[in-house]
Amino acid sequence: MTEIQELSQFLTLEMRLDVKALALQQTLGLTGTADGRQLLLKTSCIVKNLCHLLNDDQPSIAKDASLALINLSADEEVIPALVAEEMGVIENMLKLISDPEHNLADPACMVLSNLTRTKHGSERVFESMGGNLGKYIDIFCQEKYNKKGARLHYLASVFSNLSQLPSVRCDMMDPTQSCLQRLVSFTDYKDSITRRGGILGLIKNCCFDTEHHEFLLSEAVDMLPKLLLPLAGPEEFDEEDNDKLPIDLQYLDEGKTREQDPDIRKMLLEALVQLCATKFGREYLRSKNTYVILRELHKAEKNENVLVVLEHLVNILLRYEHEIGHDNLKDMEVPEEITEKLNALEPSLSSIL
């Protein structure tokens with residue numbers, strides 16, 4: 001019997017507390033190094049036992065088990081092993097998230113956020129949801145769903161990562177399911193950068209699908225004001241400009257502030273750029289006086305990376321359609337090396353964790 005196999009024997013619910021705590025500390029230490037993580041994975045029952053310990057009566061034991069699983073799942077090289085069905089990790093995490101009385105629902109969300117960073121991990125998590133993505137969106141949208149104080153913000157990162165899959169984006173933008181409609185309100189959510197950043201990552205990925213642009217900009221989703229509001233400041237516009245803006249952006253309070261995080265401002269602008277890939281999207285953004293919001297943002301913006309995207313977006317909106325010459329910019333023939341660069345960008349994982 002190897003030392004790791006011997007260690008796994010002590011990681012059980014029935015084991016004496018002091019022995020179990022010592023074994024768990026050793027395990028947690030091993031998860032802190034790449035070699036240690038690989039060593040632990042060679043004994044599959046270690047991971048299964050850690051999942052069982054999430055329900056230990058002793059809170060400190062359950063918490064350390066959750067930290068070990070977070071550390072393991074943060075290593076992209078071990079994700080294929082962790083998402084294997086026989087490990088039971090995904091199923092255990094989904095069960096914890098669904099339990100309104102479990103105090104480790106937040107770490108469970110973090111584990112799934114880590115696992116879904118890879119396409120295979122996303123496929124396995126989506127498969128394990130059993131076609132019931134809406135259930136987890138319902139849970140996420142109920143801010144007091146968990147009675148033990150878990151906020152479930154990292155579910156936003158899970159949704160964002162899952163949206164790299166065409167099947168997930170299809171579900172998200174299915175008008176009969178109202179999934180996306182329930183999530184877009186979190187683009188201006190003040191209490192958590194993780195929540196609003198994750199939802200924006202999801203939205204940006206959805207905007208890559210040009211066939212859905214009319215739906216995204218329709219009254220059913222009302223995407224444009226959700227993307228523009230975080231970019232708007234307290235500036236006052238004349239009556240003519242004001243009346244052209246979406247109703248949510250008219251007569252904003254003098255205390256209105258812009259999104260503080262530059263990465264999120266950049267994501268908002270990137271989503272708008274994607275909506276400009278179609279003639280419908282460009283004309284809609286122009287008709288809603290998007291330019292005046294971008295003009296005022298440009299005056300205030302200091303971040304170079306944000307400015308690059310902002311100026312590209314403004315350049316598209318200020319051009320005449322006969323100058324652009326294409327209904328859908330993604331149908332244009334472009335050099336192969338540029339195509340490869342563009343393909344590497346879409347659809348992407350959330351960069352806000």
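What you see is a predicted model; the values in this text were computed from it and never measured.

Colleague: Just checking my understanding: could you explain the nonpolar core for this structure?
Modeller: Where a protein is soluble and globular, its nonpolar side chains tend to be buried together. Counting 108 residues, the largest nonpolar core has F159, M172, L180, L269 and L272 as the members making the most contacts within it. The contact partners of F159, leaving out residues within four places of it in the chain, are L133, Y136, I137, F140, M172, L183, I199 and L202.

Colleague: What's the story with the UniProt feature "domain: Protein HGH1 N-terminal" (unreviewed entry) in the protein in this structure? I'm lost.
Modeller: Mapped onto the present numbering, the UniProt feature "domain: Protein HGH1 N-terminal" (unreviewed entry) falls at residues 97-266. Structurally, residues 97-266 comprises 52% helix and 0% strand, and the distance from its first C-alpha atom to its last is 30 Å.

Colleague: Please clarify how helix α21 (residues 304-318) should be interpreted in this entry.
Modeller: Because the α-helix completes a turn every 3.6 residues, residues three or four places apart line up on one side. In this model, α21 (15 residues) spans 21 Å end to end at C-alpha, consistent with the 21 Å of a helix rising 1.5 Å per residue. Buried within α21 are the following residues: V306, L307, V309, L310, L313, V314, I316 and L317. Residue N303 occupies the N-cap position of α21, its side-chain oxygen lying 3.0 Å from the main-chain nitrogen of N305.

Colleague: What is the right way to read the packing of aromatic side chains from this model?
Modeller: Under the defined criterion, the tally for this structure stands at four aromatic pairs. Seen in terms of ring centroids, F140 and F159 are 5.5 Å apart; in terms of plane orientation they differ by 80 degrees. Their pairing is edge-to-face. Of this pair, F140 sits in helix α10 (residues 133-141) while F159 is found in helix α11 (residues 155-162), placing the two residues 19 residues apart along the sequence. The two residues F140 and F159 agree in class, both being buried. When the centroid spacing of 5.2 Å and the interplanar angle of 65 degrees are considered together, the rings of F140 and F186 count as edge-to-face. Taken together, the residues F140 in helix α10 and F186 in the loop between α13 (179-183) and α14 (193-207) connect sequence positions 46 residues apart.

The rules we used
Residues numbered from 1 in each chain as written. Predicted model: local features only at pLDDT ≥ 70, side-chain atom pairs only at ≥ 80, totals over all residues. Heavy atoms only, no water. Core = buried A, V, L, I, M, F, W, Y, C linked by side-chain atoms within 4.5 Å. Buried < 20%, exposed > 50% of the residue type's maximum accessible area, 1.4 Å probe, protein only. Contact = heavy atoms within 4.5 Å. UniProt positions renumbered as here; feature names shortened; annotations may be inferred. Helix = DSSP H or I, 4+ residues; strand = E, 2+ residues; numbered from the N terminus. Expected span 1.5 Å × (residues − 1). Polar contact = N/O pair within 3.5 Å; in protein donor to acceptor, adjacent residues only side chain to side chain. Phe/Tyr/Trp six-rings, centres within 6.5 Å; stacked < 30°, edge-to-face > 60°.

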